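Observations on the three-dimensional arrangement
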Amino acid sequence: SRGRIVVQPGYVASGWALYDLECRVRSVCGDRAVVGAPLVASDGDSAKLAGALSKAHPRRDGVAQVFVAHGEAWPKDAAHPVSLASFDALESLRHAFAALGRTDVIVTSMRDFRSAVDAAVCLDAHGVELVPLMLSAGNHAARQLFEADAESAASQFAAAGIAVEAFDEGIGACPDVQHLYASHALSLLGPPRCTARHNK
């Protein structure tokens, strides 16, 4: 079959992992492949995701909601398409939460726990709910976020005297987030075909 192949990635934002996936898919499938956008590819996406996560993680007195994305480093010798630098998904998401009045929300990545700790201290938070901003809470969440290692996010918050609640579930478990991923996939398929038969 020479039909079109639609691939909807489960990534939150564009970056090395998505670029690598696109290259691999096209090396196998050529121009038959269509790769969808990550969850946050525009300010509109950010607004929808912030709304979904605000509903799933409501404001709580004295507790900061800390969403942690992968934030993978770009391999030193790999080509970096200029277009990938044109949209800062995490900053867009921060603005979207701010627009909802969610000053208790901190959006960070696994490469920048220190600024998240500093932000929680500035909020005078006595506790944080640590949430993986990832489709699923797998190895990265277990190790970099919740492990007892001194470098983990949980340990760094604890060292600052801030209690940590580990939300050990990826955002893909949230029905509203599932809908956002599905909408990206459906946009690749085009408008539905009408199959109704009209009586003569």
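Refer to the structure above for everything that follows.
Along each chain, numbering runs from 1 in the same order as the chain's sequence is written. Whole-chain, interface and lining totals are the exception, using all residues; otherwise, since this is a predicted model, local features are given only for residues with pLDDT of at least 70 and side-chain atom pairs are given and counted only at 80 or more. Side-chain figures throughout are based on the complete set of non-hydrogen atoms in the structure, without hydrogens or water.

1. What about the overall build of the protein?
- Per the convention used, a helix needs a DSSP run of H or I reaching at least four residues, while a strand needs a run of E reaching at least two, with both numbered from the N terminus. Check the secondary structure of the protein and you find seven helices and six strands.
- Along the protein, helices (α) and strands (β) appear in the sequence β-α-β-α-β-α-β-α-β-α-α-β-α when read from the amino end.
- Only protein chains enter the area calculation, which uses a 1.4 Å probe; residues under 20% of their type maximum are buried, those over 50% are exposed, and those in between are partly exposed. A burial count over the protein gives 37% of its 200 residues as buried.
- Between two residues, a contact is recorded if the distance between any of their heavy atoms is within 4.5 Å. Of the contacts made within the protein by residues no fewer than 6 positions apart, 76% connect residues no fewer than 24 positions apart.
- When the accessible area of the protein is evaluated, it comes to approximately 11400 Å², of which 53% is carbon and sulfur surface. For the accessible areas, the method is Shrake-Rupley and the probe is 1.4 Å, while residue cover comes only from the protein chains on display.

2. Here we look at unusual backbone geometry
- With a phi angle near 60°, D124 is a residue other than glycine that sits in the positive phi range.
- Note on placement: D124 falls in the loop between α4 (113-122) and β5 (127-132).

3. Description of helix α3 (residues 89-99)
- Of all the residues in α3, the buried ones are A89, L90, S92, L93, A96 and F97. Relative to the axis of α3, the buried residues are bounded by an arc of 155° and lie together on one face. Pointing more than 90 degrees away from the buried face of α3 are the exposed residues H95 and A99.
- Buried positions along α3 lie against α2 (43-56), β3 (63-69) and β4 (105-109).
- Identification of polar contacts relies on pairs of N or O atoms within 3.5 Å, with a donor-acceptor requirement for protein atoms, meaning one able to donate a hydrogen and the other able to accept it, and with residues adjacent in sequence counted only if both atoms are side-chain atoms. For α3, the capping residue at the N-terminal end is D88, with a side-chain oxygen 3.4 Å from the backbone nitrogen of L90.
- Two residues or fewer after α3 comes G101, characterised by a positive phi angle close to 80°. Here the arc refers to the directions that run from the helix axis out to each C-beta atom.

4. With respect to the packing of aromatic side chains
- Note on ring pairs: Phe, Tyr and Trp rings are taken, using the six-membered ring of Trp, and paired if centres are within 6.5 Å. Classes follow the plane angle, with under 30 degrees stacked, over 60 edge-to-face and the rest tilted. Enumeration over the complete set of coordinates arrives at two aromatic pairs.
- Seen from their ring centres, W16 and Y19 are 6.3 Å apart, and the 50° between their planes marks the pair as tilted. One end of the pair, W16, and the other, Y19, are both in helix α1 (residues 16-29), three residues apart, so they sit about a helical turn from each other.
- Residue class for W16 comes out partly exposed when judged on its relative accessible area of 26%.

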